[in-house]
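Structural characterization, general
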Amino acid sequence: MKLPLQRISNHSNLSSIKAILLAVLFLGFNSVQGQDDVVNDDYKAFTAGAHLKNMHLWHGFVVHPGAMLATNLEFNSRDAKFTFGVWGGASLTTVDVTNKITGENVGAHYQEFSIYTKYRFSDKFFIEAVTHNNYTGVEERGDVLHYWSYDKTQGYNFVDLNFGYNVTPNTLLYFATILGGGSGDYEVQTDGSLEDSWTHYFEVSSKVWEKGDSSLSLFAGGAWSFVTDKTFYTEGAGNLINVGATFNKNVKLGTYNLPIGVTAMWNPEKEKTVLQVDFTIF
């Protein structure tokens, strides 16, 4: 979900990424088998959703500073343990990128198409793999879009492996690792070689207040690397990067129920504070 840079080849990272995704998929497909005898008239294998947001935030990043539409399509197993889906975002506003041929600034709409899969071992513990693809401005800057490229420096494809554990029904511990360097997640050595950062991100979020159809949650997240002196998220080896609160409320519009989430986010390292509003259309 980071804005793009440039492109070189890295086949070993692609092999590792495929192995991780296949492992999570294998767990999921095993859970799907043998469920045909379970009767559940309310079961829906496929679902979709859409969100309208004034900006797009992710792990302390302002991925896009303007209005955008996010959509997702997913499959869920009958026992609700396995999920496989795709997530996409497209902005209503543009950001400036520099065309490397003409040297001019041109407007580019935020565009992303990501794939995710999750397996829930229990009500408390899950594992998740996500391949992020933010290809904003790739063609506008004069490059050729290669959707399935996982080259380290091309800047718009990377994979993370995530674990979540609910210590209580209202409190989640979330641990994510960007695998094999990812896009821009590396450090240039004195000999010109690139050393992968293998960035880790840890977040604690908890619902602290609830009344009727309203609730308030607090969160705090930090990033670090045991390998390099920088991470995907930070300029140093580690820092607190994502602190804030989210207020959720269901607004009644006649017979239509409109869930709204308002997030106040502060990134101490970047000295950035923003307010995001998220309307769940369906």
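Because the structure is predicted, anything quoted here is derived from the model rather than measured. (Residues numbered from 1 in each chain as written. Predicted model: local features only at pLDDT ≥ 70, side-chain atom pairs only at ≥ 80, totals over all residues. Heavy atoms only, no water.)

1. With respect to the sheet that holds strand 15 (residues 256-267)
With antiparallel pairing, the twelve strands of this closed barrel are ordered in space as 1-4-5-6-7-8-9-12-13-14-15-16. Ignoring which end each strand starts from, the neighbouring axes of this sheet average 20 degrees apart. Inspection of the sheet shows strand 13 (residues 214-224) paired to strand 14 (residues 238-253) by eleven bridges, in the antiparallel sense. Bridging across to strand 14, Ser214 finds its partner in Lys249. (Pairing = 2+ DSSP bridges. Helix = DSSP H or I, 4+ residues; strand = E, 2+ residues; numbered from the N terminus. Axes fitted to C-alpha atoms, helices over the stretch in contact; angles between N-to-C directions.)

2. Digging into the confidence of the model for the protein chain
For the protein chain, the mean per-residue pLDDT works out to 89, and 86% of the residues sit at or above 70. Low confidence marks residues 2-10, where pLDDT is under 50. Its contacts with residues over four positions away, or in another chain, come to 38 contacts. (pLDDT = per-residue confidence, 0-100. Contact = heavy atoms within 4.5 Å.)

3. A look at the side chain of Asp160
Residue position: Asp160 is located in strand 8 (residues 157-168). At 11 Å, Lys118 is the nearest oppositely charged side chain to Asp160, a buried residue that forms no salt bridge. With sequence-adjacent residues up to four places away left out, Asp160 is seen in contact with Trp58, Glu128, Ala129, Val130, His132, Thr177 and Ile178. (Buried < 20%, exposed > 50% of the residue type's maximum accessible area, 1.4 Å probe, protein only. Lys, Arg positive; Asp, Glu negative; His and termini not counted. Salt bridge = Lys/Arg side-chain N within 4 Å of Asp/Glu carboxyl O.)

4. Focus on the pattern of salt bridges
Side chains carrying opposite charge are able to pair once their charged atoms draw close together. Evaluated as defined, the whole model comprises five salt bridges. A salt bridge links Asp143 to Arg141, with the nearest nitrogen and oxygen atoms 2.4 Å apart. Like Arg141, Asp143 is buried. Between Lys207 and Glu210 there is a salt bridge whose closest N-O contact spans 3.6 Å. Salt bridges sharing partners connect three or more residues here, namely Lys100, Arg141 and Asp143.

5. Section: the environment of Gly236
Mapping Gly236 onto the fold places it in the loop between strand 13 and strand 14. Spatially, the C-alpha atoms of Gly236 and Trp224 are 8.1 Å apart, while their sequence positions differ by twelve residues. Excluding anything up to four places from it in sequence, Gly236 contacts Asp229, Lys230, Thr231 and Glu269.

6. A look at the nonpolar core
Counting 19 residues, the largest nonpolar core has Trp58, Trp87, Tyr201, Phe232 and Tyr233 as the members making the most contacts within it. Among the elements that take part in this core, strand 9 (residues 171-178) stands out by supplying three residues, more than any other. Setting aside residues no more than four positions away along its own chain, Tyr201 makes contact with His59, Tyr174, Phe175, Ala176, Gly221, Gly222, Ala223, Trp224, Tyr233, Ile241 and Asn242. Within the second largest apolar cluster, ten residues are counted, among which are Ala45, Ile127, Val159 and Leu161. (Core = buried A, V, L, I, M, F, W, Y, C linked by side-chain atoms within 4.5 Å.)

7. Considering the packing of aromatic side chains
If you walk through the whole model with that rule in mind, you get 17 aromatic pairs. Between the aromatic rings of Phe232 and Tyr233, the centroid separation amounts to 5.2 Å while the plane-to-plane angle is 85 degrees, which identifies the pairing as edge-to-face. Per residue, the accessibility class of Phe232 equals that of Tyr233, and both read buried. A connected cluster of aromatic rings, assembled from ring pairs, spans Trp58, Phe61, Phe158, Tyr201, Phe232 and Tyr233. A cation over an aromatic ring shows up here: Lys118 above the ring of Phe126, its NZ or CZ 4.5 Å from the ring centre. (Phe/Tyr/Trp six-rings, centres within 6.5 Å; stacked < 30°, edge-to-face > 60°. Lys NZ or Arg CZ within 6 Å of the ring centre and 35° of its normal.)

8. A word on the pairing of strand 3 (residues 61-64)
Sheet topology places strand 2 (residues 56-58) next to strand 3; three bridges connect them, and they run antiparallel. Paired with Leu57 across the two strands is Val62, which belongs to strand 3. In this antiparallel pair of consecutive strands, strand 2 and strand 3, the connection spans two residues, and His59 shows a positive phi of 50 degrees.

9. A word on the pairing of strand 6 (residues 105-120)
Alignment of strand 5 (residues 82-98) against strand 6, held across 14 bridges, turns out to be antiparallel. For Trp87, the partnering residue across the bridge sits in strand 6 and is Ser114. Linking strand 5 back to strand 6 in an antiparallel pair, the connection comprises six residues, with Gly103 at a positive phi of about 75 degrees. Where strand 6 folds back on strand 7 (residues 125-133), the antiparallel hairpin that results is connected by four residues.

10. A look at the environment of Gly244
Residue position: Gly244 is located in strand 14. Once the C-alpha coordinates of Gly244 and Asn267 are considered, the two residues, 23 residues apart in sequence, prove to be 8.8 Å apart. In contact with Gly244, not counting residues within four places along its chain, are Ser217, Leu218, Phe219 and Ala264.

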